[in-house]
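Letter by letter, the chains look like this.
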Amino acid sequence: MKTLIHFFEGLDPVFAAFIATTFTWLVTAFGASLVFFFKTIHRGVLDGMLGFTGGVMVAASFWSLLMPSIELSERFYPSMPWMPAAVGFLTGALFLFFLDKSMPHLHINFSENETEGVKTQLHKTTLLVLAITLHNIPEGLAIGVLFGAAANGMEGATIAGAITLAIGIGIQNFPEGFAVAMPLRRAGASRFKSFWYGQLSAIVEPIAGVIGAAAVIYIEQLLPFALAFAAGAMIFVVVEEVIPETQRDKYTDVAVLGFIGGFVVMMVLDVALG
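Given the structure is predicted, the values throughout are model-derived calculations rather than measurements. (Residues numbered from 1 in each chain as written. Predicted model: local features only at pLDDT ≥ 70, side-chain atom pairs only at ≥ 80, totals over all residues. Heavy atoms only, no water.)

Colleague: Run through the overall build of the protein chain, naming residues and quoting values.
Modeller: Helix and strand content of the protein chain: 10 helices and 0 strands. Put simply, the protein chain runs from its N terminus to its C terminus through helices and strands in the order α-α-α-α-α-α-α-α-α-α. Looking at the protein chain as a whole, 55% of its 274 residues are labelled buried. Long-range contacts, defined here as pairs at least 24 residues apart, represent 81% of the contacts in the protein chain between residues at least 6 apart. When the accessible surface of the protein chain is summed, it comes to about 11600 Å², and 71% of that surface belongs to carbon and sulfur atoms. (Helix = DSSP H or I, 4+ residues; strand = E, 2+ residues; numbered from the N terminus. Buried < 20%, exposed > 50% of the residue type's maximum accessible area, 1.4 Å probe, protein only. Contact = heavy atoms within 4.5 Å. Areas by Shrake-Rupley, 256 points an atom, 1.4 Å probe, with all protein chains shown as cover.)

Pasting the structure below:
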């Protein structure tokens, strides 16, 4: 971990955010590559993976984003330290709500007649990828914002914390890549096409990471708002997308245990390493 910290400390924070989010994208691709070896996946395994993903995202939202946001707010807004976290969190959730309503997409375990967003004639494969792309925007943004905050020397935000967040999101991206590619393969897509769309769903993370890092570096007082914004967006995704996807079959308990496991893993990573 010390070697990683020294490596990232010597980098421009925007470039550091790009490298970290490229890592999370590659982990997604690695998970999607399992489609070359398997054609089907047990529904209980899929629900457990999705639950794990939700747990990591909720834990990261609190430990890596909201707590640093509140700590920073005490410096910039001492009379209202709660305000940036509350406003940022609400704005992030509403931003994802707007995207969810305006962008056509289809959640993993949903049928084609349950497409969300504006009406479209897009293929089911494209709609699935768009759904996970929505999911990945706040993840990349969160990593970028944290690297930008650490670069500015903000209290509560460290390079170690940003690296820990990237590791945690990378861990949950592995089953996510698999969870995207496998339904496509099961629906009849070729192995390569399933892999391609599975990894493509996370390509937005480096883009969002660079935007997040650049924004907070040049507008310092945005930091607490930006951290909370990313947290609100992630929580919206978990509640609106991830949890409902795990509650449509008989493996709900497996999904809940996966959620608890993901939360604990991310909490331990953040406290122990960040």
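Colleague: An account of empty space enclosed by the protein is needed here, citing residue identities and associated values.
Modeller: One pass over the full model with this rule turns up 1 cavity of 30 Å³ or more. As a volume, the largest cavity reaches approximately 40 Å³. What lines the largest cavity is Leu96, Asp100, Leu134, Phe236, Val237, Glu240 and Glu241. Those elements that place two or more of their residues in the lining of the largest cavity are helix H4 (83-102) and helix H9 (223-246). Take the lining of the largest cavity: its biggest share by element is 4 residues, from H9. Considered class by class, the residues forming the lining of the largest cavity number 4 nonpolar, no polar and 3 charged. (1 Å grid on protein atoms, 1.4 Å probe; cavity = no way out; pocket = protein on both sides within 12 Å on 5 of 7 lines; lining within 4 Å. Points joined across faces, edges and corners; volume = space filled by probe spheres on them. Nonpolar A, V, L, I, M, F, W, Y, C, P; charged D, E, K, R; others polar.)

Colleague: Any chance you could break down the packing of helix H3 (residues 43-76) against H9 for me, citing the residues and the numbers?
Modeller: Packing of H3 against H9 brings their axes to within 8 Å, and their N-to-C directions diverge by 160°. As summarised for this structure, H3 and H9 are arranged roughly antiparallel, according to the angle between their axes. Where H3 crosses over H9, the handedness of that crossing is left-handed. Its residues assigned to classes, the contact of H3 with H9 shows 20 nonpolar, 6 polar and 3 charged. (Axes fitted to C-alpha atoms, helices over the stretch in contact; angles between N-to-C directions. Parallel < 35°, antiparallel > 145°, perpendicular 65-115°, else oblique. Left-handed = near helix turned anticlockwise from the far one by under 90°.)

Colleague: Tell me what's going on with the nonpolar core, and back it up with residues and numbers.
Modeller: Ranked by internal contacts, the top residues of the largest apolar core, which has 49 residues, are Leu65, Ile143, Phe147, Ile159 and Leu165. Secondary structure elements with two or more residues in this core: helix H1 (2-9), helix H2 (13-32), H3, H4, helix H5 (124-151), helix H6 (159-186), helix H8 (204-218) and H9. Take this core: its biggest share by element is 13 residues, from H9. Setting aside chain neighbours within four positions, we find Ile143 in contact with Ala20, Thr21, Thr24, Leu165, Ala166 and Ile169. Judged by nonpolar contacts, the second largest core, of 13 residues, contains Ala32, Leu34, Met49 and Ala181. (Core = buried A, V, L, I, M, F, W, Y, C linked by side-chain atoms within 4.5 Å.)

Colleague: Explain the packing of aromatic side chains to me, and be specific about the residues and the numbers.
Modeller: Applying the stated rule across the entire model yields 8 aromatic pairs. Where Phe15 meets Phe18, the ring centres are 6.4 Å apart and the plane angle is 20°; that geometry is what we call stacked. Placement of the pair is Phe15 and Phe18 together in helix H2, with a separation of 3 residues, close to one helical turn. Given a relative accessible area of 43%, Phe15 falls into the partly exposed group. Relative to Phe236, the ring of Phe97 lies with its centre 6.4 Å away and its plane at 85°, an arrangement referred to as edge-to-face. Pair noted here: Phe97 is in helix H4 and Phe236 is in helix H9, with a separation of 139 residues, a long-range link. Given a relative accessible area of 40%, Phe97 falls into the partly exposed group. (Phe/Tyr/Trp six-rings, centres within 6.5 Å; stacked < 30°, edge-to-face > 60°.)

Colleague: Describe the environment of Lys250, naming the residues involved and giving the relevant values.
Modeller: Its place among the elements puts Lys250 in the loop between H9 and helix H10 (252-273). Under the relative-accessibility criterion, Lys250 is labelled exposed at 66%. Distance from Lys250 to Gly44, taken between C-alpha atoms, is 8.1 Å for residues 206 residues apart in sequence.

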